[in-house]
Each structure stands twice: as C-alpha cells, then as structure tokens.
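Letter by letter, the chains look like this.
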Amino acid sequence: KLARRVLLRCLWRRRSSDVATIASIWTLGRWNLCHDPEMIGEAFALLGTCWRTMAALPSVPSEGDGAAAERSTGETAFHAETLLGSRTRQEVEELL
C-alpha cells in the first residue's frame, strides 16, 4: 500500500513525465491487487487528468496545442507537450 501511495505522489508531483514514462512506472503499482477504494480513486483521477489533457488537443496538431489544452481543461498538473513526449497522439492515447 505504501508503494502505491508513493507512486501516486511521485506521478502527481513529476509534471515533466511523458505518458511512456508514466505507463512504465504505473505497472509497478500492481493495481489489480489494490483493494483500497480511496487509492483507486486517486489513481483514476491521475489518469483522468492525463486523458482530459490529451483529449483537449485539436485533432490536427498545430503549434501551441499544449497551451490550448491546458486552458480548455482547466488542469495545470500536466502539459500536453510533456505528455506527448516524442510519441504521436494516437500512441499516447493507446498507452493511457
């Protein structure tokens, strides 16, 4: 349980992580063994924030997409450019 709590705290605080990094760290939580509803809720909140940030991007990429996504979602925890990293939007959505 402590490992999952640390993992979530780390992911929320590290706003410079791309989705590929988040996905690789995510598996360390072994979420299928978690039975704590509060912690599962926090995990879904993190994924939901990432998903909303990516979903707010326009379908046709253009300069400044990340700023538009941040403004439209109202979330400041993640930036779209950071979440994308070197991957395409489709790859990132599949990882999420």
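As shown above, the structure is provided for reference.
If you're wondering where the values come from, they're calculated on a predicted model, not measured in any experiment.

A. Examining the overall build of the protein chain more closely. Along the protein chain, the regular secondary structure elements total 6 helices and 0 strands. Ordered by position from the N terminus, the helices and strands of the protein chain form the series α-α-α-α-α-α. Accessible surface, the protein chain: about 5,900 Å² in total, of which carbon and sulfur atoms supply 55%.

B. Looking closely at the packing of aromatic side chains. Scanning the entire structure with this criterion turns up 1 aromatic pair. Taking the centre distance of 5.1 Å and the plane angle of 25° together, the rings of Trp 26 and Trp 31 count as stacked. Each member of the pair, Trp 26 as well as Trp 31, is classed as buried.

C. Broad picture of the nonpolar core. Membership of the largest hydrophobic core comes to 19 residues, with the highest contact counts inside it found for Leu 8, Leu 11, Trp 26, Trp 31 and Leu 83. Breaking this core down by element, the ones donating at least two residues are α1 (2–13), α2 (19–26), α3 (37–55) and α5 (80–84). With 5 residues, the top contributor of residues to this core is α3. Residues within four places of Trp 31 in sequence aside, it is in contact with Arg 4, Leu 7, Leu 8, Trp 26, Met 39 and Ala 43.

D. Spotlight on the pattern of salt bridges. Taken as a whole and assessed by the stated rule, the structure comprises 2 salt bridges. Between Asp 36 and Lys 1 there is a salt bridge, and its shortest N-O distance comes to 3.4 Å. Separated by 35 residues along the polypeptide, Asp 36 in the loop between α2 and α3 and Lys 1 in the segment before α1 bring together distant segments of the chain. Salt-bridge contacts for Glu 42 lead to Arg 5; the nearest nitrogen and oxygen are separated by 2.9 Å. Within this pair, whereas Glu 42 is found in helix α3, its partner Arg 5 is found in helix α1, the two being separated by 37 residues in sequence.

Conventions we followed
Per chain, the residues get numbers from 1 upward, laid out in the order the sequence is written. This being a predicted model, a pLDDT of at least 70 is required before a residue's local features are given, and a value of 80 or more before pairs of side-chain atoms are given or counted; all residues contribute to the totals for chains, interfaces and linings. Heavy atoms throughout the structure, all of them, feed into the side-chain values; hydrogens and water do not. The secondary structure listing takes helices from DSSP runs of H or I that are at least 4 residues long and strands from runs of E that are at least 2 residues long, numbered from the N terminus. All accessibility values rest on the Shrake-Rupley procedure with a 1.4 Å probe; residue burial counts only the protein chains present in the view. Note on aromatic contacts: the rings of Phe and Tyr and the six-membered ring of Trp form a pair at centre separations within 6.5 Å, being stacked when their planes are under 30 degrees apart, edge-to-face when over 60 apart, and tilted otherwise. Working definition: with a 1.4 Å probe on protein chains only, accessible area under 20% of the residue-type maximum means buried, over 50% means exposed, and in between means partly exposed. Joining through side-chain atoms within 4.5 Å is the link that ties buried Ala, Val, Leu, Ile, Met, Phe, Trp, Tyr and Cys residues into a set, and such a set is a nonpolar core. Contact criterion: two residues are considered in contact whenever any of their non-hydrogen atoms come within 4.5 Å of each other. For salt bridges, the criterion is a side-chain nitrogen of Lys or Arg within 4 Å of an Asp or Glu carboxyl oxygen.

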